Structure formats: structure tokens, C-alpha cells
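# Report on the structure
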Amino acid sequence: MTTAKILVVEDEAIVAKDLQYRLNKFGYTVPAIASSGEEAINKAVEILPDLVLMDIRLKGNMDGIEAAQEISRQLDIPIIYLTAYADDTTLQRAKITEPFGYLLKPFKEKELQTNIEITLVKHGLERQLKANKKWLDALLKSISDGVIASDLQELVTFMNPVAENLTGWKQEEAFGRNSSEVFNIANGETHHPIENPITKVLQDGSIINLPTETILIAKDGAEIPIDDSAAPIKDDKDNITGAVLIFRDITERKRAIEARQREIEQEKLVSQLEEINELKNDFLSLVSHELRSPLSNIKVMIQMLQTSTDMQENQHYLELMDAECDRELELINDLLDLQRLESSSYSIITPDALLLQQWLPWVIERFQIRIQEHQQTLQINLPANLPPLSSDGTSLERILGELLNNACKYTPPGGEIILSVGHNSSETPSKTIISISNSTEIPVTELPRIFEKFYRLPYADIWNQGGSGLGLPIVQKLVEQLQGTIQVESSNGWTTFTLTLPDL
């Protein structure tokens, strides 16, 4: 039972009173009875009833249908017609006003009550649906993302203002058009068209996202980077009834990402410059120290010569000064060589056809005396069928000379040095592999530093031969110029440098 307010519009007073009595008996309230169309409108505006029972034939110039039409225009109130007329003309006029019921007199009480209850419930649901629709429309219009909805035929049924601004289409002109025409997308890099996501959503029934680097091509041809997702619209039985697109302009986001990327690159560049500056300062400090050291020793020995009268002692100082001069010259020459190798964007290479079976013994010959003096042994593994190596002989001689010099310097008495040569013809171009091993081991912590400028293994120069610490950096640069590679391994009491060279 409900306490709904009902406005009765009936020009027959007796019939009106009878209706009021019945409605009160049902539990409804009847705050007013109107006998004309004009009065019905005024009463409806005044009391705002929950329902109007409207007779079609009324006194005055306005009949019930006209009154119902005006009430519906001003107020959201359901109307049930109570009439004795059922002709087609009257019925067609009544249908235009979208009544909730049409009862022919005479009617039964239960029929009247049922129609009223159904009308109140139905109108309540419709009002709630309208409220939800208004709320949803307001929400979709207020969000910052573009929204486009379509039906099962991919035809546009809704667009919010953001979608209108981004696409350049107004909802009125887009309504009923294929969504692919309105939502025209392509790859931002290739400009190849991208399939309409609504098509895939309607086919698969799943949520999908646009690929990266997607652009929206607006109606005026403007290109806007976007990202989005598309989802199916389903009814309460999980049947797909359409699809919805949510998309946004990511121009500012891309600019922010690009700006951040530039910032990161600048920070990296600053860091690299700081590192280079630090390395330069370290290098200058090392160079100045290495250059001053022999000169300081020479100056001390000159002072000793000036005060000494012992010829034998003077001869010793002269020999030491000569050694320090050689050391200074070697350091300067190495510095000049390294600077030339590092600063040259290209180098002049003059390939020679080197017959290693004849050429290598000639290179090794100048180390034989030192190896004998140090009681070391040199083993050479040189196959007889090696093909000629096309490479720069001068550069390769310097490389092998530095590696053999280090092997002699760091190998203890009784130690062994092994030089092995191999050839790999399975690659194009073919490769010649030269390895020099000696029976000493470099600590794991020191191994990564051996190609650093001025780096010398601590406490490893057992023969006190000294050196500039620039030999291996020069070797590394020379190998790069010969388009080869050099690797070093050290374990189980052995250290091996492996040189791989292509034919030039």
C-alpha cells in the first residue's frame, strides 16, 4: 500500500467524488479535483502530485489530452487516461503524450489499482534511470579524457566535449557515422593506418590498448599523439551491446618525457666531462711526476759530480745519468706515440704480406740474450703451413715487442715463455691468432687495470727494468688500428695475451 498523491481531473462531479472515494479506500490521497484542463495544469503545478488520473473530455476549450501534454511539458508526472472514448483518432492523439495507462470506463476497482501501482513503480524506475543518465552524462562531460561510444555496427552514439575537441567532430555530425571515420588513427612514425580498436573489441569482447606511438588524425588534418583503451559495453546478461573508447592527448607527457630524456643526457654528458676532466688531471699529474723523476735524478747526480773527485765514482754517476736520459727519452717517445694514436681519426696502414715462419724468428732474436741472462726458456709453436698474414709489419713488430718485453720482465728465473701462432680460416676474413704466455700470474684485482696509462704491477718487476707504464695502452691502440682484438687471461700460475688479427 502506498500514500501517493493523486490528482483527479474529471468534469463530472459525481464521478470525481466516486474516484476520490475509491482512491482513498486504496490508501492514496487526493489533495485536489480539477474539472477543466486549465485547472488541471494549475493544480498539478501547485500540489505536484505523484500521478494524474485524466479524463479526456473536459469542460472548456482544453481537453484532457491537451492538458496532459502541457503537464508533461512542465512536470515529470505520470498520467493515466480514464475515458469512455476508444476511437482511433482519440487513441492516436493520446499516444503522442506517452501516457502510462489508458482505461476505458466503466472499469473495475482492481484494474484501476493495478494500473496505478504499475505506473508508480514504472515511473519511479524511469525517473531513477533518467537521474543516472544525467549523472553519467555530467561525469563523461567533466572528465579530461575523450569518450566515444558506439553500437554493435560501430556507429557513433555518444561523444563528450573532450572527444569533440580532439577529433574536430561535433556529436551531432558524428552521430550515426562509422567510428573509424571519426576516430582516425595511425602510427606516428610510419603514418600507416591502425585498425579501429572498436572493431577488435566487438570481435573479441575484451579490453584492448592502443600501440605506442599512435596519433589521432583530426578532422582538419592535425596530428595528436594519444594513448587509449577500448572496452565492450554489456547488458545485464553479459551480451555485448556496443563499445566505448577512452583516449587522451599525451602531447605534454611526451614533451615532458623528451625534456627529461634531454636532461638525463645532459647530466650524463656533464658526468662524462667531469670524468674526462678528472682523468685529464690524473694524467697530467702522472705525466709531470714521470717526467720530473728522471730529471730530478739527473740533477742530483750532476751535483754529486760537481763535488766528487773519484774517477770511478764519477764514471758510475755518468752511467746512471745516461740510463736516466734513456728513460726520459723512452717516456717522451711513448707519450708522443700514444698521443698520436689517440688523436688520429684514421691511421696510415701499409699492409705487408708477412711470412710468419720467417718474420717471427727475426722479431724474437733481439730478446734471446736477455732470456738467456734471466735463465728463462722460450718455446715457439709455429705451424709450417701458416698462410701469409696481410698486416702492417711495423705496428705488429711494436705490439709483439712490448708483449715479449713484459713477458721477460715479469717471468722469474727458470720460468717459461710460450709464443704460439694459429690460423682460423672458417671466418671471413680469416683470422691469425698469436698468443704469448709466461709463467707468472696477475692478481684478479689487478687484471682489469693493466691497459691503464702509467699502470705498473706493484712489486712484480723482479729484474728492476722499470718502464713508462705506457706499453700496453700503446699495444691496445695499435691492435685497434689493425682491426684486431687483444685479450688477457691469468690463472693457475700463467698469464696469456691473445692477439687476433684479420687480413687487411
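Note on numbering: residues in each chain are counted from 1, in written sequence order. Side-chain atom pairs in this predicted model are given and counted only at pLDDT of 80 or more, local residue features only at pLDDT of at least 70, and totals for whole chains, interfaces and linings cover all residues. Only hydrogens and water are set aside; all other atoms, that is, all heavy atoms of the structure, feed into the side-chain values.

## A look at the overall build of the protein chain
Cut-off, in case you're wondering: Only DSSP runs of H or I with at least four residues qualify as helices, and only runs of E with at least two residues qualify as strands; both kinds are numbered from the N terminus onward. We compute the radius of gyration from the C-alpha atoms alone; for a globule the expected value is 2.2 Å times N to the 0.38, where N is the number of residues. Exposure classes here rest on a 1.4 Å probe applied to the protein chains alone. A residue is buried below 20% of its type maximum, exposed above 50%, and partly exposed in between. Two residues form a contact once any of their heavy atoms are found within 4.5 Å. Here the positive residues are Lys and Arg and the negative ones are Asp and Glu; neither His nor the chain ends is included. Charge positions are represented by NZ for Lys, CZ for Arg, CG for Asp and CD for Glu.
When helices and strands are tallied, the protein chain shows 15 helices and 19 strands. At 50 Å, the protein chain has a C-alpha radius of gyration far larger than the 23 Å of a compact globule built from 504 residues. Seen through its principal axes, the protein chain has C-alpha atoms that stretch 155 × 60 × 45 Å. Going through the 504 residues of the protein chain one by one, you find that 39% of them count as buried. Relative to all contacts within the protein chain whose residues are 6 or more apart in sequence, the contacts with residues 24 or more apart total 63%. Charge centroids of the protein chain, computed over 46 positive and 76 negative side chains, lie 12 Å from each other.

## Topic: the environment of Leu 210
Inspection of the secondary structure puts Leu 210 in the loop between β9 (208-209) and β10 (214-217). C-alpha separation for the pair Leu 210 and Ala 163, spaced 47 residues apart in sequence, amounts to 16 Å. Excluding anything up to four places from it in sequence, Leu 210 contacts Phe 183, Ile 185, Pro 197, Ile 226 and Asp 228.

## Things to note about the UniProt feature "domain: PAC" (unreviewed entry) in the protein chain
Filter applied, for reference: UniProt positions are given in the numbering used here, feature names are shortened, and annotations may be inferred rather than shown by experiment.
With numbering aligned to this structure, UniProt lists the feature "domain: PAC" (unreviewed entry) at residues 210-262. Here residues 210-262 is 23% helix and 49% strand, with 26 Å between the C-alpha atoms at its ends.

## Let's talk about the layout of surface pockets
Rolling a probe over the atoms, with the probe sized like a water molecule, indicates the empty space that remains. Rules: Here the term cavity refers to a set of points on a 1 Å grid, laid over the protein atoms alone, in which a 1.4 Å probe fits but cannot get out; the term pocket refers to an open set having protein on both sides within 12 Å along at least five of seven lines, with lining residues being those that place an atom within 4 Å of a point. Grid points are joined across faces, edges and corners, and a volume is the space filled by probe spheres set on the points. Think of it as three bins: nonpolar holds Ala, Val, Leu, Ile, Met, Phe, Trp, Tyr, Cys and Pro, charged holds Asp, Glu, Lys and Arg, and polar takes everything else, Gly as well.
Here the second largest pocket defines a volume of roughly 380 Å³. If you go around the second largest pocket, you meet 18 residues; those closest to its centre are Ser 72, Thr 97, Glu 98, Phe 100 and Lys 130. Of all the elements in the fold, those that place two or more residues in the lining of the second largest pocket are α3 (64-74), β4 (79-83) and α5 (109-142). Its residues assigned to classes, the lining of the second largest pocket comprises 9 nonpolar, 4 polar and 5 charged.

## Re the environment of Ser 296
In this fold, Ser 296 is placed in helix α10 (residues 251-307). Residue classification places Ser 296 among the partly exposed positions, given a relative accessible area of 39%. Sequence separation between Ser 296 and Val 8 is 288 residues, and the spatial gap between their C-alpha atoms is 124 Å.

## A few points about the side chain of Thr 495
The condition that has to hold: Polar contact is the term for a pair of N or O atoms within 3.5 Å; when the atoms are in protein, one must be able to donate a hydrogen and the other to accept it, and sequence-neighboring residues count only if both atoms are side-chain atoms.
Within the fold, Thr 495 resides in strand β19 (residues 494-502). A relative accessible area of 2% means that Thr 495 is categorised as buried. Here Ser 490 takes part through its side chain, which lies 2.8 Å from a polar atom of the side chain of Thr 495. In this view, Thr 495 contacts Ile 436, Ser 437, Asn 438, Thr 440, Glu 441, Ile 442, Val 488, Glu 489 and Ser 490; residues no more than four positions away in its chain are not counted.

## Comments concerning the sheet that holds strand β5 (residues 101-104)
Note the cut-off: One bridge is not enough; two strands pair if DSSP finds at least two bridges between them. Helix axes are fitted only over the stretch in contact, all axes being lines through C-alpha atoms; the angle between N-to-C directions runs from 0 to 180 degrees.
Pairing is parallel across the open sheet formed by 5 strands, whose spatial order is β2-β1-β3-β4-β5. For this open sheet the edge positions go to β2 (29-34) and β5, each flanked by a neighbour on one side alone. Across the sheet, the axes of successive neighbouring strands diverge by a mean angle of 20°, strand direction being ignored. Here strand β1 (residues 5-9) runs beside strand β3 (residues 51-55); their pairing, made up of 4 bridges, is parallel. Considered in β3, the bridge of Val 9 is made with Met 54. The strands that helix α1 (residues 13-26) touches are β1, β2, β3 and β4; relative to β2, the one it contacts most, it runs at about 165°. Sheet contacts for α3: β3 and β4; angle to β4, the most-contacted strand, approximately 175°.

## Quick look at helix α14 (residues 393-410)
Condition: One fewer than the residue count of a helix, multiplied by 1.5 Å, yields its expected span.
Taking 1.5 Å per residue as the helical rise, α14 with its 18 residues ought to reach 26 Å, and the 26 Å between its terminal C-alpha atoms agrees with that figure. At the N-terminal boundary of α14, the capping side chain belongs to Asp 392, with an oxygen 3.3 Å from the backbone nitrogen of Thr 394.

## Re the sheet that holds strand β17 (residues 431-438)
The strand order β14-β16-β17-β19-β18 describes an open sheet built from 5 strands, whose pairing is mixed. Only two strands of the sheet have a single neighbouring strand rather than two, namely β14 (377-381) and β18 (485-491). For this sheet, the mean angle separating the axes of adjacent strands, direction not counted, is 15°. Both strand β16 (residues 416-424) and β17 contribute to a ladder of 8 bridges, which runs antiparallel. Looking across to β17, one finds that Leu 419 is bridged to Ile 436.

## Focus on the pairing of β1
This is how the line gets drawn: Note on handedness: a clockwise path from strand one over the helix to strand two, with the strands aimed away from the viewer, defines a right-handed crossover.
Within β1, 4 of the 5 residues are buried, which leaves it mostly tucked inside the rest of the structure. Handedness of the crossover joining β1 and β2 through α1 is recorded here as right-handed.

## Side note on the packing of aromatic side chains
Basically, it comes down to this: Each Phe, Tyr or Trp ring, with Trp reduced to its six-membered ring, pairs with another whose centre is within 6.5 Å; inter-plane angles below 30 degrees give stacked pairs, above 60 give edge-to-face pairs, and intermediate values give tilted ones. The rule is short: NZ of Lys or CZ of Arg within 6 Å of the ring centre and within 35 degrees of the ring normal puts a charge over the ring.
Applying the stated criterion to the full structure yields 3 aromatic pairs. With centroids separated by 6.2 Å and ring planes inclined at 80°, the aromatic side chains of Phe 26 and Tyr 28 adopt a geometry described as edge-to-face. Both residues of the pair, Phe 26 and Tyr 28, belong to the buried class. Over the aromatic face of Trp 169 sits the side chain of Lys 219, whose NZ or CZ is 4.5 Å from the ring centroid.

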